[in-house]
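Residues per chain are reported as follows:
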Amino acid sequence: MSSSASPSSPAPLTSERLLLRPWTLAEAAAVLGEGARPARWAADFPAEGDRVVAGLLDQQPAWLGEYGHRLIVERASGLVVGSIGLFWPPRDGVVEIGYGVVPSRRGRGYASEATRALAGFALAAPGVHTVVAGVEPSNSASVRVVEKAGFERFEPAAAEAEGNVVRFRLTSR
């Protein structure tokens, strides 16, 4: 992996308490244990989901773009406390979102705040009318995240084929 993002890195998104900024390839390498751990990470960052995303960034260059994956930064401390991303490009106007906040920062509404901000950003993108999220029904905290972010539960036609996942969506229509 190279050491930084491209010179045309997307602008961060700001919410009340959070900054959602693009990953750099150096950060992805550090998440994978291939570089020095940045000082501005929460003690329990990265989580397993962050490692998965970091491992795919080389293969998915669009995820480093404007509508890709971002680190969740707690504005008060400046620490990275999670990650969130859009699985770009959209299909038929629909894009999926995924998120994770480290255990030390859970229960503060950060995941819902970040999800609301990134979903709103996605819905303003040309050709996007729906943001979806798949949540395991046993993960009641994640169900609350998407509900607090304004998503509604829906059952697509192929729900049985999706396994043990409940689908939620937020639409611009």
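The following paragraphs examine the structure supplied in this document. Going along each chain's sequence as written, the residues are numbered from 1 onward. Reporting of local features is limited, given that this is a predicted model, to residues whose pLDDT is at least 70; pairs of side-chain atoms are given and counted only at 80 or more, and all residues count toward the totals for whole chains, interfaces and linings. Each side-chain value is worked out from all heavy atoms of the structure, with water and hydrogens disregarded.

1. Looking at the sheet that holds strand 8 (residues 166-171)
Strand pairing in a sheet relies on backbone hydrogen bonds, with the paired strands running either antiparallel or parallel. The condition is simple: Only strands that DSSP links by at least two bridges are regarded as paired with each other. Where helices and strands are cited, they refer to DSSP runs of H or I of at least four residues and of E of at least two residues respectively, numbered from the N terminus. Two residues qualify as a contact provided that any one of their heavy atoms is within 4.5 Å of a heavy atom in the partner residue. Axis lines are fitted to C-alpha atoms, over the contacting stretch for helices. Their N-to-C directions set the angle, which ranges from 0 to 180 degrees.
One open sheet accounts for eight strands, arranged 1-2-3-4-5-6-8-7; its pairing is mixed. The sheet is open, and its two borders are formed by strand 1 (13-14) and strand 7 (152-154), each paired with just one other strand. Running over the sheet, helix 3 (residues 110-123) touches strand 1, strand 2 (18-22), strand 3 (69-74), strand 4 (80-91), strand 5 (94-101), strand 6 (130-135) and strand 8 and is turned about 155° from strand 5. Sitting on the sheet, helix 4 (residues 140-148) is in contact with strand 5, strand 6 and strand 8, with an inclination near 165° to strand 6.

2. Some details on helix 2 (residues 48-56)
As a reminder, the rule being used: For each residue, the accessible area found with a 1.4 Å probe, counting protein chains only, is set against the maximum for its type, and the residue is called buried under 20%, exposed over 50%, and partly exposed in between. Each C-beta atom gives one direction from the helix axis, and the arc is the one those directions make.
Residues of helix 2 that are buried include every one of D50, V53 and A54, and no others. Down the axis of helix 2, the sector holding all buried residues measures 100°, keeping them to one side. If you follow the buried residues of helix 2, they end up packed against helix 1 (25-31), strand 3 and strand 4.

3. Here we look at the pairing of strand 4
One face of the sheet, then the other: side chains in a regular strand alternate in exactly this way. Sheet topology places strand 3 next to strand 4; five bridges connect them, and they run antiparallel. Pairing of V73 across the sheet is with V80, part of strand 4. With antiparallel pairing between neighbouring strands as the criterion, strand 3 and strand 4 make up a hairpin whose turn holds five residues, including G78 at a positive phi of roughly 80°. Pairing of strand 4 with strand 5 involves seven bridges; the strand directions are antiparallel. Among the inter-strand pairings, L86 is bridged to a residue of strand 5, identified as I97. Counting the residues that bridge the hairpin from strand 4 to strand 5 gives two residues, and of these D92 lies at a positive phi of roughly 50°.

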